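A closer look at the structure
The primary structure of each chain is shown beneath.
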Amino acid sequence: MTHRFLILGTLLFAAASSGCGDAPSTELADADTPRVERVQLLLEGLAADSMLGRRAGTVGELRAVRLLESELARYGVEPAGTDGYRQPVPLVRSAEGRIRPPAVGTDMDSLPPSEVVTAYNVLGIIPGSDPELAAEIVVVGAHHDHVGIGSAVDGDSIYNGADDDASGSVATLEIARHFAAARARGEGPARTVLVAFFTAEEMGLYGTREWIEAPTVDFDGIVADLQIEMIARPDSLAGGFGRGWLTGYERSTMGDILAAQGSPIVPDPRPEQNFFFRSDNAPFARLGIPAHTLSSFNLHTDYHAPSDEAGLADYPHMAALIEAAIEMLDALATGPTPEWKPGGRPDAGND
């Protein structure tokens, strides 16, 4: 058995086991593995058929949650949920068996247990090293859920969601690994970094909204938010291999930070798609926090289809774009904080 399949087996065992936090937290056992190989192993794990499409509130999502929290523990990332790395997010099961977020005003305690299911946000934290800046928080995240099992297409009914958004979750894991390793060397970020894997994005950004209603850190300390969504394939309109785009690039000085770096992350080439308001950055932005989403989605037709499989990912592209994201977050965690440009903040009438 090759080294690659040994690691993949470990990942899938972690996803199937019920424990979390019992893996070594100081040794990055596969730190010497090239990033492109780690990215492939993680994506294949999160988008495996055994994850059943990771629909929020299902056993498939729970398997993904276990994989994520096991990885965070191995990297030495501290838990930042209400129960270890987890923050429960209650959902409702309809009489037809369909899982929908609860209607506004629903008293969850009044529902029979058979109608309540639980999804989970997964949250970890790397404390800042600068006494003056550690109270400021940079959020980096992705949604780990997808749409589950649905109508079969060519005999395949599992909607794996490799690009949407296992790819962003893998990037967030790699960023968590980067900052945890730096902290272990005494070179950690000046600001605190919160890594967040939100659930129920596919149900209207519901997991993010629930976290904002009951944050597990001091919400007033958040100075920036970067979400990562759909980076598994290159986008020719962004320049192709290793390049990505940022929603709302022109709205805040986050775009200026990227330009100063000579970053391969460029403005969103499809503003007519309104992607700025279609990802988990939007609830943060509407509350005044400079918040954007990094992507390289090229409008491929596998979106929300069973064909969004790990085998279609371009792993060297992902690894290169993750490196660009790490450079961006290093700047956010140590340099000047981003600010909205005039008219850029969403609540200023620019939705």
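Notes on the structure follow. (Residues numbered from 1 in each chain as written. Predicted model: local features only at pLDDT ≥ 70, side-chain atom pairs only at ≥ 80, totals over all residues. Heavy atoms only, no water.)

Assigned secondary structure in the chain consists of eight helices and twelve strands. Compactness check: the chain gives a C-alpha radius of gyration of 19 Å against a globular reference of 20 Å for 351 residues, within 12% of the reference. Here the C-alpha coordinates of the chain stretch approximately 50 × 50 × 40 Å along the principal axes. Residues classed as buried in the chain amount to 56% of the 351 residues present. Once local pairs closer than 6 in sequence are excluded, the contacts in the chain between residues at least 24 apart make up 81%. When the accessible surface of the chain is totalled, it reaches about 13900 Å², and 53% of it is carbon and sulfur. Side-chain charges in the chain split into 25 positive and 51 negative, and the spacing between the mean points of these groups amounts to 2 Å. (Helix = DSSP H or I, 4+ residues; strand = E, 2+ residues; numbered from the N terminus. Rg over C-alpha atoms; globule rule 2.2 N^0.38 Å. Buried < 20%, exposed > 50% of the residue type's maximum accessible area, 1.4 Å probe, protein only. Contact = heavy atoms within 4.5 Å. Areas by Shrake-Rupley, 256 points an atom, 1.4 Å probe, with all protein chains shown as cover. Lys, Arg positive; Asp, Glu negative; His and termini not counted. Charge placed at Lys NZ, Arg CZ, Asp CG, Glu CD.)

Let us now look at the pairing of strand E9 (residues 222-228). Of all seven residues in E9, seven are buried; the element is thus mostly enclosed. Sheet topology places strand E5 (residues 137-143) next to E9; five bridges connect them, and they run parallel. From the neighbouring strand, valine 140 faces E9, where its bridge partner is leucine 226. Strand direction decides the pairing type here: E9 and strand E12 (residues 291-295), joined by four bridges, are parallel. Counterpart to aspartate 225 in the pairing with E12 is alanine 291. (Pairing = 2+ DSSP bridges.)

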